[in-house]
Amino acid sequence: MATTGDQQYVDHELLVPEFIERRMYQLQLAGSAKSRHTLVCLPTGLGKTTVSLLVTAERLSNVGGKSLLLAPTKPLVQQHADFYREALRIPDDDIVVFTGEVSPDERTELWQSATVVIATPQVVENDLVGSRIDLGPVSHVTFDECHRATGDYAYNYIAERYHQDAKKPLVTGMSASPGGDEEEILEVCENLGIDNVEVMTEEDSDVDEYTHDTDVEWERVELPDEVLEIRDALNEVVEDRLAKLKELGVTRKTSADLSETDIKKMRAELQQLIDNDQSEGFKGMSALAEIRKLRTAVTYVETQSVEALRRYFERQRNAARSSGASKASQRFVSEPKVKEAMRRAEEYDGLHPKYSRARMRIAETLGIENGERVIVFTESRDTAEALTDFLGQHFDAQRFVGQGDKDGSDGMTQNEQQDVLNRFKANEFEVLVSTSVAEEGLDVPEVDLVLFYEPVPTAIRSIQRKGRTGRQAKGRVAVLLAEDTRDEAYFWISKRRENEMEDELRKLKGVADEVEEELDDSQRQLGDFGPPGEADGDGSKTEVEPGLRKFDAGGEKTEAESEESAADDGGVVATAEPDGETVEIVADQRELDSTIARDLSTRDGIETRLETLSVGDYVLSDRVVVERKSVSDFLDTLTGGDRSMFEQVGDATRHYARPVLILEGGDLYEKRNVHPNAVRGALASLAVDFGASVLRTTDEDDTADLLEVVATREQERDGREVSVHGEKASKTLAEQQEYVVSSIADIGPVTARSLLEEFKTVEAVMTAREDDLLEAQGVGEVTAERIREVVGSEYDR
């Protein structure tokens, strides 16, 4: 332990001297996390990243290998990288950043030499599926904001591969709010392979000295009659549409006071009607879409502002005028009562009570209380922009929203976001008006007031927002609540969920055995991991005693994040060759939307590659390419006039000797109102005209099994290599003649055979007169005219 005056610091061979402040609660968390797969739960702003850093330093020192830190967004990744480069006694070049802006080839090269990799999960997922990186030498993985590890999020796949591939795995999950109840928290633990939960709250004595009280003040505001009249007009239309849905038998609801659960139930009932080929289902689904738009408008006028509602109405009018506008959009803007609500909104010139209350609160903080900075959070980008304009008349205010164009509203680039934050930290302006982009872990500086423009219905987001104040001094949180609106419901939901989360975290504190018993057996068996220890000489693991060994002190550094999608880039087209010991499958980048490529990449003896394929979805050998279509997509081709499937199979036929079409899903003859003979005709055309093998699978798992079997058969039994530049086997003379004639004006193979049977040679077909061409079966005037135009016209580029 190093000391400077009264300050104590961590003393470790891989940590910069006198950089990490000593904090006992961080030492305790790191001492436990360095020897077990651990979920670290610590309030926002109290140094979860520092805990991970301490564990990383210990693992790199004792075990060696690499460290991988995953964070959901590019800004958060960059912030962690800056902190690690400041804190670790490792060359900056050995601490690398992986995002979609770094090319796959460059990431592959950097991975080999890096000691610490800090990355977005989508990029690492793609690199694993594409066999560009190997998790074998990674001795520590940190999942930041690990509450995201649900559903199909990339964290889940990476964790599965890590436990499967790493020689000496250790997982640390970090979150201020891992879930709203025990089931959600256990799901996160199960998905990440975590068997130990460490929780500290602001009530713990070691933590308490580093926190200050954060008062939460709920302020009720009363809506004026003019605003309520606009809302009531919209709700009348909602009730009218509900009456129509009630006639269809999909709901008993008649009141506009709907929950999201009600909406989902109605959608499920309507989908059942559609699946049964009942036209009422489509009409009802359109009415439900209109109800959703109406509910959004009601939410705007109730909980946001009339100005935000006006912006929403304008977007809806533009959408209804656009080509391909839905009937729901058109009915929405043409409904008389909606038009009346639009008129009232345009004429309303009063100040929404939330606006005036927000202005008053900020004035008190910055003026009377001599505060310096305030953050205002709102759910709506429309409100963020309108509120910034309004507050800008009284204070120095800037907006902070996500990237991209959303619903007609301009977003902010990553550079613009960083510039705004830098200026906010430097006290260059007073008020930051932000959407949810600033909620999750972003290193927003200490503020004097966090103002919620509306209650947040989820505990995770509410806790993260309140974590922006009260770190260095007593802070305040104010929540504006419109009476007799959805704000009321969200208020009680928020209060209940936060209480539930706190209760569940306390129940889970230190109950690793109970958590482990709850874990799904299949998840535990995947890596067969157990407590990660230091490896003995024979490769076995010796349990490391939890505690503070090697750590004499601990410190804090706040974490960061911003809203932003971190999708990987498209990659390059290349060839892949099996090494004789594994079977190789090349998958198109776009197939990552399914689970197939990820599933295959976890299987023994299978190596996957990601490429941008110009032909096919999967390449299994130099002669086998696979196009994968769901039954729905296949039937849409027959009913919608979209011939892309036949063009894709045609491309596959021209480049590969054995093209395969996989039809995935059931109800081929029942799913749409398509005559069975039309389906049979399409299948016959694919097999006879295009020479494609049509194979059926039930779901994505079945498709993955089939791909593995075919690829193994091709490569192990026949010794064929994998090439994304497949070449069709040599054609017979007849096939070559048919190919030449079929290419004329795209007349196809059937007409080509008819012409050759009539005229005997390719030359005779080319020189035949238009009247003579009509003698061939299946050739009409249009086709004959087109053939003569192609053959007889002068070449002119």
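All residue numbers refer to position in the chain's written sequence, counted from 1. With pLDDT at 70 or above as the cut-off, local features in this predicted model cover only qualifying residues; side-chain atom pairs require 80 or more to be listed or tallied, and sums for whole chains, interfaces and linings still use all residues. Hydrogen atoms and water are omitted, and side-chain values are computed over all heavy atoms in the structure.

What follows is about the pattern of salt bridges. For salt bridges, the criterion is a side-chain nitrogen of Lys or Arg within 4 Å of an Asp or Glu carboxyl oxygen. This structure, assessed with the given rule, holds 50 salt bridges. Among the salt bridges present, the one from Glu21 reaches Arg23, with a minimum N-O distance of 3.6 Å. In this structure Glu21 comes out as partly exposed when scored by relative accessible area, which is 22%. Measuring nitrogen to oxygen at the nearest pair gives 2.8 Å for the salt bridge that ties Arg343 to Glu347. Separated by four residues within a single helix, Arg343 and Glu347 lie in helix 14 (residues 336–347), roughly one turn from each other. Arg343 gets classed as partly exposed once you look at its relative accessible area, which sits at 37%. Each residue gets one of three labels from its accessible area relative to the maximum for its type: buried under 20%, exposed over 50%, partly exposed in between, using a 1.4 Å probe on protein chains only. Overall, Glu347 belongs to the exposed group, its relative accessible area being 52%. Linked by salt bridges that have partners in common, Glu217, Glu219, Arg357, Arg361, Glu369 and Arg476 make up one network. We count a stretch as a helix when DSSP gives it H or I for four or more residues in a row; a strand needs E for two or more, and each element gets its number in order from the N terminus.

Now for the sheet that holds strand 22 (residues 658–664). The rule for pairing is simple: two strands pair if DSSP sees at least two bridges between them. Strand order in the open sheet formed by six strands is 19-18-20-21-22-23, with mixed pairing between adjacent strands. Two strands close off the open sheet at either side, each with one partner strand: strand 19 (606–611) and strand 23 (693–697). Strand direction decides the pairing type here: strand 18 (residues 583–588) and strand 20 (residues 618–619), joined by two bridges, are antiparallel. From the neighbouring strand, Val586 faces strand 20, where its bridge partner is Val619.

Between N-to-C directions, angles cover 0 to 180 degrees, with each direction set by a line fitted to C-alpha atoms, over the stretch in contact for helices. Axis separation between helix 2 (residues 48–62) and helix 3 (residues 74–87) bottoms out at 11 Å; the angle between their running directions is 50 degrees. Compared by their axis directions, helix 2 and helix 3 come out oblique. The two elements helix 2 and helix 3 meet at a crossing, and its hand is right-handed. Residues Thr49, Thr50, Ser52, Leu53 and Thr56 of helix 2 pack against His80, Phe83, Tyr84 and Ala87 of helix 3. Residue polarity is assigned by list, with Asp, Glu, Lys and Arg as charged and Ala, Val, Leu, Ile, Met, Phe, Trp, Tyr, Cys and Pro as nonpolar; anything else, Gly included, falls into the polar class. Taken together, the residues of the contact of helix 2 with helix 3 sort by class into four nonpolar, five polar and no charged. Each angle is binned into one of four classes, with values under 35 degrees roughly parallel, values over 145 roughly antiparallel, values of 65 to 115 roughly perpendicular, and all other values oblique. Working rule for handedness: look at the near helix, and if it is turned counterclockwise from the far one by less than a right angle, call the crossing left-handed; if clockwise, right-handed. Contacts are assigned to residue pairs that have any heavy atoms within 4.5 Å of one another.

A separate point is the sheet that holds strand 7 (residues 138–144). The strand order across the open sheet built from seven strands is 5-6-4-7-8-3-9, with neighbouring strands paired in parallel fashion. The open sheet terminates on both sides in strands that have one partner only, identified here as strand 5 (95–98) and strand 9 (196–199). Here the strands of the sheet are splayed against their neighbours by 15 degrees on average, with no regard to which way each runs. As paired strands, strand 5 and strand 6 (residues 116–119) are joined by four bridges and run parallel to one another. Bridge pairing links Val96 to Val117 in strand 6. Here helix 5 (residues 121–129) sits on the sheet and contacts strand 4 (66–70), strand 5 and strand 6; the angle it forms with strand 4, its principal contact strand, is near 130 degrees. This element, helix 6 (residues 154–165), spans strand 4, strand 7 and strand 8 (171–175) of the sheet and lies at about 165 degrees to strand 7.

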